[in-house]
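# Per-entry structural report
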Amino acid sequence: MAPAEILSGKIVSGQVRERLKQQVVEMTQKFPGFRPGLAILQVGNRDDSNLYIQMKLKAAAEIGISANHIKLPNTATEADVLKCIASLNADPAVHGFIVQLPLDSDNPINTEKITNAVAPEKDVDGLSSINAGKLSRGDLGDCFIPCTPKGCMELIRQTGVQVAGKRAVVIGRSKIVGAPMHDLLLWNNATVTTCHSKTSTLAEEVGKADILVVAAGRAEMVKGEWIKPGAIVIDCGINHVPDSTKASGKRVVGDVAYNSAKEKASFITPVPGGVGPMTVAMLMQSTVESAQRFLEKFQPGKWTIQYNQLTLKMPVPSDIEISKSCMPKPIEQVAKEVGLFPDEVELYGQTKAKVQLSVLKRLQNQPDGKYVVVTGITPTPLGEGKSTTTVGLVQALGAHLHQNVFACVRQPSQGPTFGIKGGAAGGGYCQVVPMEEFNLHLTGDIHAITAANNLVAAAIDARMFHELTQSDQALYNRLVPSVNGVRKFSDIQIRRLQKLGINKTDPMALTKEEVNAFVRLDIDPGTITWQRVLDTNDRFLRKITIGQSATEKGFSRTAQFDITVSSEIMAVLALADGLDDMKKRFGRMVVASSKKGQPVTADDLGVTGALAVLMKDTVKPNLMQTLEGTPVFVHAGPFANIAHGNSSVLADKIALKLVGKDGFVVTEAGFGADIGMEKFFNIKCRYSGLRPHVVVLVATVRALKMHGGGPAVTAGVPLPKEYTEENLQLVAKGCSNLNKQIQNARMFGVPVVVAVNAFKTDTKAELALVVQHAKEAGAFDAVECSHWAEGGKGALALARAVQRASQAPNNFRFLYNVELPIVDKIRLIAQQVYGARDIELLPEAQEKVALYTKQGFGNLPICMAKTHLSLSHDPEQKGAPTGFVLPIRDVRASVGAGFLYPLVGTMSTMPGLPTRPCFYDIDLDPVSGEVNGLF
């Protein structure tokens, strides 16, 4: 018969590499910025290992694989190696990972323990017990196969001979070649015999083989005359035998006597140049396959999520009872379900986590999902269920319609939690859980804001004190001290010098006049707008005197405490689009004016960097979940009156990337549409660059009856009978407020869906009347909702309406151009949104408008500080009043956050405690550790 056809591993591996190169190109085109990653971990410095690694690195570079060689010294311990493996296992940029064997260490290391420590999904060498076990039971599509057997199989396929039904013989039973080769042939339907050193009839067994794979490690052990005519012979051996004709005195041969075997076989691999080149090619193929599996598993927008089934009870139990009855998923699982990588998540216990901003960079080329804002009609003091509706909507979209959906909500202040309002986790069967975690400390963001805010306040008073008690030179010596004989400016001091127009960096070079300008902020105490804060309702801190200790030498002044969520630092957190942007905004925060009328900033105080350090973790959104297991970002909680009342831009941006182009992000705007929604559009969307698709406007029969002339609604007092009995006349009259808020939303060019949040005392006729009025007023749709009692199921009609509305034409626009004069912007909001005839600026407001215009802040957006209980400035005026003049008492600036806030009437920034606060009912079970009494 004709000599055997040569199976050249060089040629086949070259073909494999070209194919892989094309696959990598296609991968990077589909997922810009992505590259398959291979890590090679080496211990020691063996020459042969160095050679093999260089071959692998070269092959990876040719294909387009990002290869990383990690080299530990030969002093490395087993613990050192395991620590390195754990780091590579957790690295999402590493898709293939091999440990180069043998381990060249001076210390004892268990090789099997090391290979089994490699994550099975990254074990492209296929050496872990898990991959070996999967191969042995035939799970070929869910494991990695050792590279040499995989290369042998590829060479066998090149022959075109069907493996199924053939008799195969494998000589050798090593874990790296022989044993996996047996399994691979077996599960490709060959009849396989494994021979080894104890096989007594080796020649006889070889003579039966249609396919012969030899990996015995003995030079030319298999003789040509043993081989069955026409067999396929794969020689894995690499042996050195003496050869005086070679310069080295030796030559490389395989485990098969090549010259005689090729006369009997139909196909045979040479040594060298046969199996050897295939091993590296298969390593590259496994790495690319691993990267493809990774992309399939973590494809942005492709979620595999487990939802929680609710067990509904009637009557509906208390919020805390419902929350306790739910077993939340481990937050690590939630993170994985929505496509977050392990290194992008910082766990805070089992039910909450922070998410790294790096996810935005990873997903920067992914399209955003649909953006939905939930707002409401002008509410009663009891609230109309915006948070509950937000949660109900996402539960309906996610758990029932199986859409990717994220809720993005504000973190509540602890003040109301222990005061009169209670928590803000939603209610009934629509809650963020665990509610006690949500309503209390969460991950400490509000505490960090308190610390940062009060650091600024302390810096203001300390600076004024030191300026009043020291000469210019004494101040300068302390602000720029000599350390080991060297004086230098800090970075923030260099920025102050540049702001003053002093372009010097040598502290000794400043003139007396320049020293004076540098050290004297010369703050006018009457212009200080920065107050201390506390996250507790405390009416006795609304006006205080500070500096009464004798150590302050009589420098006292009147000041106040605000509640923490009213701090400008909270507003900055909510509007920042990253750590760098947040730091710059901190630096721009204006805390007072100098006696010459110049703004004094946090940067002037030298405190910007310290604020960034205190706030570095707060910038990461907090991940939680709803009762039905849909994901929630809880991040930032600015006041909705003196600030813009919306959760963070960063949470929305990350969520929009994670849900993918067909998913939904539902966020909530504080108070009614005239306040929270208007600021969401004109402030938040202006800074974020995001464009909303749908407005969900929450309405209740209760609130509409109030607007129709019903009796006063007071927290803590039973509702009058007008609210518990059918009264269609009151509802119809009150729909004037609903109509106006629908018009307000449509003014911005966004479709409006009205969610009529049903209470148990509402009648069918009342609910139907609200739906009818809403549609007649121009709502895209209006639906009844029963989510409080039924969870997501009760918001299904709302969810479907939101889906349809998100496909409707959208002509989003801002209400005003920021370049307009301050007064014109205020007037536009008052007339267009509130229904006012005009505005009236009181003298103090006029002075501030002139000052801020002079200081260069006239082009900032407007954030109206107005009562939420009426469209007007008078909380007693219900419905949709018109013809009134809106009085502007004062105008203040949150320059770091990026808006001016006119004060309409008196705004309390520190709530007080009622006669019977919520804390009477809040308690801790010392045995179980459970919190009781929250609502």
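Above this text is the structure in question.
A quick note: this is a predicted structure, and the numbers were derived from the prediction, not measured.

We now examine the overall build of the protein chain. Broken down by element type, the protein chain carries 33 helices and 37 strands. Its C-alpha atoms give the protein chain principal-axis dimensions of about 110 × 80 × 55 Å. In the protein chain, buried positions account for 56% of the 935 residues. Carbon and sulfur atoms make up 52% of the accessible area of the protein chain, which totals about 38,500 Å². Of note, the protein chain has its 100 positive side-chain charges centred 3 Å away from the centre of its 90 negative side-chain charges.

Attention now moves to the environment of Lys 175. Position of Lys 175 relative to the elements: it lies in the loop between β5 (167-171) and α7 (178-186). Considered as a pair, Lys 175 and Leu 127 are 48 residues apart in the sequence and their alpha carbons are 7.7 Å apart. Once residues lying within four places of it in the same chain are set aside, the contact partners of Lys 175 are Glu 112, Pro 146 and Pro 180.

The description of an aromatic ring pair rests on the distance of the ring centres and on the angle between the ring planes. A full pass over the atoms with the stated rule returns 17 aromatic pairs. On the basis of an interplanar angle of 85° and a centroid distance of 6.1 Å, the ring pair of Trp 303 and Phe 406 is categorised as edge-to-face. Separated by 103 residues along the polypeptide, Trp 303 in the loop between α10 (275-297) and α11 (319-325) and Phe 406 in strand β15 (residues 405-409) bring together distant segments of the chain. Trp 303 gets classed as buried once you look at its relative accessible area, which sits at 12%. A relative accessible area of 0% places Phe 406 in the buried class. Judged by centre distance (5.4 Å) and plane angle (15°), the rings of Phe 919 and Tyr 920 are stacked. Of the aromatic side chains, those joined through ring pairs into one cluster are Tyr 371, Phe 680, Phe 681, Phe 748, Phe 812 and Phe 814. Between the NZ or CZ atom of Arg 293 and the centre of the ring of Phe 144, over which it lies, the distance is 4.4 Å. Positioned above the aromatic ring of Phe 341 is the side chain of Arg 362, whose terminal nitrogen or guanidinium carbon lies 3.7 Å from the ring centre.

So, on to the sheet that holds strand β3 (residues 66-72). Reading across the sheet, the three strands line up as β3-β2-β4 and stay open at both edges, with parallel pairing between neighbours. Each of the sheet's edge strands pairs with one partner strand only, and the pair in question is β3 and β4 (96-99). Here the strands of the sheet are splayed against their neighbours by 15° on average, with no regard to which way each runs. One ladder, built from seven bridges, connects strand β2 (residues 37-43) with β3; its direction is parallel. Residue pairing for β3: Gln 42 is matched across the bridge by Lys 71.

Among the five residues in strand β34 (residues 890-894), four count as buried, and that is most of the element. Both β34 and strand β35 (residues 899-903) contribute to a ladder of five bridges, which runs antiparallel. When the sheet's bridge partners are listed, Val 891 is paired in β35 with Pro 902. Counted along the chain from β34 to the antiparallel partner β35, the turn is four residues long, and its residue Gly 898 has a positive phi close to 105°.

Across the sheet, which stays open at both edges, the six strands sit in the order β1-β11-β8-β7-β5-β6 with parallel pairing between neighbours. At either end of the open sheet lies a strand with only one pairing partner, and these are β1 (5-6) and β6 (191-195). Helix α6 (residues 147-158) rests against β7 (211-214) and β8 (232-235) of the sheet, and its axis sits at about 150° to β8. Packing against the sheet, α7 makes contact with β5, β6 and β7, and its axis sits at approximately 170° to β5.

On to helix α5 (residues 129-136), then. Taken together, the buried positions of α5 are occupied by Asn 131, Lys 134 and Leu 135. Projected down its long axis, α5 shows its buried positions confined to an angular sector of 100°, all on one face. Where α5 is buried, its residues contact α7. Phi turns positive, to about 90°, at Gly 138, one or two residues after α5.

Turning our eyes to something else, we now look at the environment of Asn 74. Mapped onto the secondary structure, Asn 74 falls in the loop between β3 and α3 (78-90). A relative accessible area of 33% places Asn 74 in the partly exposed class. Between the C-alpha atom of Asn 74 and that of Leu 103, which follows or precedes it by 29 residues, the distance is 8.4 Å. Those residues in contact with Asn 74 that sit more than four places away from it in its chain are Gly 44, Asp 104, Ser 105, Asp 106 and Asn 107.

Before going further, it helps to examine the pattern of salt bridges. Per the stated rule, a full pass over the model turns up 47 salt bridges. Arg 463 is paired through a salt bridge with Glu 467; the nearest N and O atoms lie 3.0 Å apart. Residue Arg 463 and its partner Glu 467 are both found in helix α17 (residues 445-469); the two are separated by four residues, about one turn of the helix. Each member of the pair, Arg 463 as well as Glu 467, carries the same accessibility label: buried. Overlapping salt bridges bring together Glu 346, Lys 616, Asp 617 and Lys 620 as one network.

What counts, and where the lines are drawn
Residues numbered from 1 in each chain as written. Predicted model: local features only at pLDDT ≥ 70, side-chain atom pairs only at ≥ 80, totals over all residues. Heavy atoms only, no water. Helix = DSSP H or I, 4+ residues; strand = E, 2+ residues; numbered from the N terminus. Buried < 20%, exposed > 50% of the residue type's maximum accessible area, 1.4 Å probe, protein only. Areas by Shrake-Rupley, 256 points an atom, 1.4 Å probe, with all protein chains shown as cover. Lys, Arg positive; Asp, Glu negative; His and termini not counted. Charge placed at Lys NZ, Arg CZ, Asp CG, Glu CD. Contact = heavy atoms within 4.5 Å. Phe/Tyr/Trp six-rings, centres within 6.5 Å; stacked < 30°, edge-to-face > 60°. Lys NZ or Arg CZ within 6 Å of the ring centre and 35° of its normal. Pairing = 2+ DSSP bridges. Axes fitted to C-alpha atoms, helices over the stretch in contact; angles between N-to-C directions. Arc of directions from axis to C-beta. Salt bridge = Lys/Arg side-chain N within 4 Å of Asp/Glu carboxyl O.

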